[in-house]
Amino acid sequence: MSTQLTPILTKFWDDPQSWTLETYEKHDGYKALKKALGMPQADLVQMTKDSGLRGRGGAGFPTGMKWGFLPAPDGGPRYLVVNADESEPGTCKDIPLMMAAPQFLIEGVAITSYAIGCNHAFIYLRGEVVHVYRRLLRAVEEAYAKGYLGKNIMGTGFDLDVTVHAGAGAYICGEETALLDSLEGRRGQPRLKPPFPAVAGLYARPTVVNNVESIASVPPILLHGAEWFSDMGTEKSTGFGIFSLSGHVTRPGQYEAPLGITLRELLDMAGGMRGGKKLKFWTPGGSSTPLFTDEHLDTPLDFESVAAAGSMLGTRALQIFDETTCVVRAVERWTDFYAHESCGKCTPCREGTWWLKQILGRLEHGEGSEEDLDKLLDICDNILGRSFCALGDGATSPITSSIQYFREEYLAHLTNGGCPFDPRESSLFAKEKATA
Ligand SMILES: Cc1cc2nc3c(=O)[nH]c(=O)nc-3n(C[C@H](O)[C@H](O)[C@H](O)COP(=O)(O)O)c2cc1C
Ligand code: SF4
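Values in this document were obtained by computation on a predicted structure and should not be read as measured data. (Residues numbered from 1 in each chain as written. Chains lettered and ligands numbered in written order. Predicted model: local features only at pLDDT ≥ 70, side-chain atom pairs only at ≥ 80, totals over all residues. Heavy atoms only, no water.)

S.K.: Got a minute to help me understand the pattern of salt bridges in this structure?
M.R.: Pairing between side chains of opposite charge can happen when their charged atoms approach one another. Under the defined criterion, the tally for this structure stands at 25 salt bridges. Arg 264 is the salt-bridge partner of Asp 298, the closest N and O atoms lying 2.7 Å from each other. Here Asp 298 is found in the loop between strand S9 (292–293) and helix H13 (303–308), whereas its partner Arg 264 is found in helix H12 (residues 263–269), with 34 residues between them in sequence. Assessed through its relative accessible area of 46%, Asp 298 is described here as partly exposed. When its relative accessible area of 41% is taken as the criterion, Arg 264 is described as partly exposed. (Salt bridge = Lys/Arg side-chain N within 4 Å of Asp/Glu carboxyl O. Helix = DSSP H or I, 4+ residues; strand = E, 2+ residues; numbered from the N terminus. Buried < 20%, exposed > 50% of the residue type's maximum accessible area, 1.4 Å probe, protein only.)

Written as structure tokens, this is what we have:
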């Protein structure tokens, strides 16, 4: 067994009642907030910059730098909004974290709010996860009761209210400006930028929007120091992150490890491929990031190395597919998702994702022609870089990368007059298959 895991945010998920404030306090909970409230705010922003922490919501923007973009206080409100929408296919880290150890996030919210001069923070949660909503509400209630939120926190004169808001369930509401529109009560659609949220965000006031894992990483950094964090990971992708392994893996789940670890190492820890089968393709950062194959097993999973190999680290959502999987079918499913979730604001994505879905559907059923592959690439070319937000770009990733690596498999659907794979092979577990 490799010893590369760095359990920090996942350290006590196995404790009984890991989600309570009492358990969190046993694991140094709220010591970081106490320390923060005795520090100048600017030092907290500098410490976050020094740690090298980069946004864990996908784009990897430096967190401390984002906080530093807020204009000087003008006496009016400024906000922290936590992006807890987690809807990218394959991404499964924020929701388990909020279920297992929500106080990491609440303490992170309190420290960040103090650092940026915010007295009212919001957590915007994906609408469907009612169990997480209940858990967060309870966690916030416990923090208020203990004086970690509310008026005059720890006698320092710092006031903070936290509102947990559940959306109605739309992938686009994870895009930070669509999230802000939704939080304000409007239909969630991306806003034109600039102005960026740092200047005019929630209710047109200066706002920091950060991912759950980014904010939850702040208390450990404060407790152990910026250098402790930056010593982990790689030079430009510092620290640890939660990698979620799903699909054809023996032990799927959340593996917290330094950035720069490889899929080969993670698979070793996860018991290897399901049933000893061969790896065929995988996503390094969710379905919006170009596919990788077994050629990339040793690519370090940090922002730079994954980009150099032609994909994106995204949210470290490693969806793993073995040789029984039809790549055309998998890509068709993802494309259905993007067509359904397209918010309709801009033409390339609204119309393009619909056409992509039609063409992939007929290819999967062996009814298309070879020209359809060029048509797919042409439509992708008209979406990528021409859409209003990154949802459109993301929709093209599985298509262009699958044609790059598996063109022959697309063509095999045509010569075979349909899909050459038995979908039960990839979707059922051995025990179920025996009785099917
Ligand atoms: C379609 C779409 C969906 C997104 N969904 C999420 C999400 O669920 N959670 C998240 O943190 N960021 C999501 N993002 C990225 C956010 O726009 C933003 O970059 C992020 O919340 C910033 O936080 P960070 O700097 O801490 O990563 C999404 C972006 C797009 C384009
Ligand atoms: S790219 Fe898609 S999701 Fe984004 S604004 Fe355009 S239509 Fe909406």
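S.K.: What is the right way to look at the sheet that holds strand S4 (residues 158–166) in this model?
M.R.: Whenever strands of a sheet pair, they do so through backbone hydrogen bonds, lying parallel or antiparallel. Ordered by their spatial adjacency, five strands build an open sheet running S3-S4-S2-S1-S5, and the pairing between neighbours is mixed. A single partner strand is all that each edge strand has here, and the edge strands are strand S3 (150–153) and strand S5 (207–211). This sheet shows a mean twist of 25° between the axes of neighbouring strands, independent of strand direction. Looking at chain direction, S3 and S4 are connected through two bridges and run antiparallel. (Pairing = 2+ DSSP bridges. Axes fitted to C-alpha atoms, helices over the stretch in contact; angles between N-to-C directions.)

S.K.: I would appreciate a short explanation of the packing of helix H16 (residues 371–383) against helix H17 (residues 390–416) in the present structure.
M.R.: Any two packed helices are characterised by how steeply their axes cross, that is the angle between the axes, and by the distance between the axes. Where H16 contacts H17, the axes come no closer than 9 Å and their chain directions differ by 160°. It follows from the interaxial angle that H16 and H17 lie roughly antiparallel. Note that H16 runs across H17; the crossing there is left-handed. Here Leu 373, Asp 374, Leu 376, Leu 377, Cys 380 and Ile 383 of H16 lie close against H17, whose contacting residues are Gly 392, Asp 393, Thr 396, Ile 399, Thr 400, Ile 403, Arg 407, Tyr 410 and Leu 411. Among the residues forming the contact of H16 with H17, the class breakdown is nine nonpolar, three polar and three charged. (Parallel < 35°, antiparallel > 145°, perpendicular 65-115°, else oblique. Left-handed = near helix turned anticlockwise from the far one by under 90°. Contact = heavy atoms within 4.5 Å. Nonpolar A, V, L, I, M, F, W, Y, C, P; charged D, E, K, R; others polar.)

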